[in-house]
Amino acid sequence: MAGLATLLLLADGRLPSGGHAHSAGLEAQVSAGRVHDVASLGGFLQGKLATSGLVSAAFAAAACGDVTRCAALDDGLDARTPSPALRKASRAQGRALLRAGRAMWAVADLGREPHQPVALGALAAAAGLTPGQVAVAAAHGTITGPASAAVRLLGLDPYAVHALLARLAPVCDRVAATAAARSGDPVDDLPSAGAPLLDIGAEHHATWEVRLFAS
């Protein structure tokens, strides 16, 4: 089993996997006025953890536990992602993540461009991480990406934003533990929590001619 340093490498926001180009739906919510300060960002991040964070962590853990399931897991994520714009963004991030991961580890051939959580799970397996470890990385990435985007979009105090992330760390751990415990479930039984407002926002965001983030 790989150690903590490997997990930190995979979860590092400086990993050249293109995550900095995405706001995880935050840019559209900022434009709509729903997120405008640290407090409203906290609500947004808690919602992300309870929905896409749980789903991403469960699917990443499942892919890590058994890479032969990746095609079925990828289909399962398609079914859980009704927004074409979000499907496109997830696959773009998955493609970039695989490119970065293959420079470091011998990653299994997945036969397709997978969604980001499936790619993350496959990389974790190649790196020798456990489903529980990659679930933490997935849940962690669900909130750190939009938190960083919030600093750029709203000019928030980065110290206050990181204090918020520190307060959410125990929630992140609980979500990851729940996801890892479900990693052996059949694909149809894995978490499927959704956020329709983010799906709608993503489709609206995709029509903008000028935007700071790809999604």
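Cut-offs used in this document
- Residues numbered from 1 in each chain as written.
- Predicted model: local features only at pLDDT ≥ 70, side-chain atom pairs only at ≥ 80, totals over all residues.
- Heavy atoms only, no water.
- Core = buried A, V, L, I, M, F, W, Y, C linked by side-chain atoms within 4.5 Å.
- Buried < 20%, exposed > 50% of the residue type's maximum accessible area, 1.4 Å probe, protein only.
- Helix = DSSP H or I, 4+ residues; strand = E, 2+ residues; numbered from the N terminus.
- Contact = heavy atoms within 4.5 Å.
- Salt bridge = Lys/Arg side-chain N within 4 Å of Asp/Glu carboxyl O.
- Axes fitted to C-alpha atoms, helices over the stretch in contact; angles between N-to-C directions.
- Left-handed = near helix turned anticlockwise from the far one by under 90°.
- Nonpolar A, V, L, I, M, F, W, Y, C, P; charged D, E, K, R; others polar.
- Arc of directions from axis to C-beta.
- Polar contact = N/O pair within 3.5 Å; in protein donor to acceptor, adjacent residues only side chain to side chain.

Participant: Quick question: what am I supposed to make of the nonpolar core here?
Facilitator: Side chains of a nonpolar character, in soluble globular proteins, are inclined to be buried together. Residues Leu10, Leu26, Leu41, Leu45, Leu73 and Val134 are the most contacted members of the largest nonpolar core, which totals 59 residues. Contributing elements (two or more residues each) for this core: α1 (4–11), α2 (26–31), α3 (38–65), α4 (70–79), α5 (84–102), α6 (116–127), α7 (131–154) and α8 (158–181). A total of 14 residues in this core trace back to one element, the largest contributor, which is α3. If we skip the residues at most four places from it in the chain, leucine 45 touches Ile143, Pro146, Ala147, Leu164, Leu165 and Leu168.

Participant: How should I be thinking about the pattern of salt bridges in this particular structure?
Facilitator: Side chains that differ in charge, positive against negative, can pair when their charged atoms come close. Taken as a whole and judged by the stated rule, the model has seven salt bridges. With a shortest N-O distance of 3.1 Å, aspartate 75 and arginine 112 are connected by a salt bridge. Residue aspartate 75 is found in helix α4, and its partner arginine 112 is found in the loop between α5 and α6; the two are separated by 37 residues along the sequence. A relative accessible area of 43% means that aspartate 75 is categorised as partly exposed. For arginine 112, a relative accessible area of 35% puts it in the partly exposed group. The partner of aspartate 78 in a salt bridge is arginine 91, and the shortest N-O contact between them spans 3.1 Å. With aspartate 78 in helix α4 and arginine 91 in helix α5, the pair connects residues that are 13 residues apart, well separated along the chain. Among the residues examined, aspartate 78 registers a relative accessible area of 28% and is labelled partly exposed. You can call arginine 91 buried: its relative accessible area is 19%.

Participant: Explain the packing of α3 against α7 to me, please; I cannot follow it from the model alone.
Facilitator: Helix-helix packing: each pair is described by the crossing angle between the helix axes and the interaxial distance. Between α3 and α7, the least distance of the axes is 7 Å, while the angle of their chain directions is 145°. When the axes of α3 and α7 are compared, the crossing they make is right-handed. In the contact of α3 with α7, the residues fall into 17 nonpolar, five polar and one charged.

Participant: What is the right way to read helix α9 (residues 196–205) from this model?
Facilitator: An α-helix turns once every 3.6 residues. As a result, residues three or four positions apart point the same way. Among the residues of α9, Leu198, Asp199, Gly201, Ala202 and His205 are the ones counted as buried. Relative to the axis of α9, the buried residues are bounded by an arc of 165° and lie together on one face. Among the exposed residues of α9, those oriented more than 90 degrees off its buried face are Pro196 and Ile200. Considering only its buried residues, α9 is in contact with α2, α3 and α5.

Participant: Which parts of the structure should I look at to understand the side chain of serine 215?
Facilitator: The residue serine 215 is located in the segment after α9 in this model. One polar contact links serine 215 to histidine 22, side chain to side chain, over a distance of 2.6 Å. Discounting residues that sit within four places of it in the chain, serine 215 has contacts with Ala21, His22, Ser23, Ala24, Gly25, Ala89 and His205.

Spatial relationships are all this shows, so hold off on functional conclusions.
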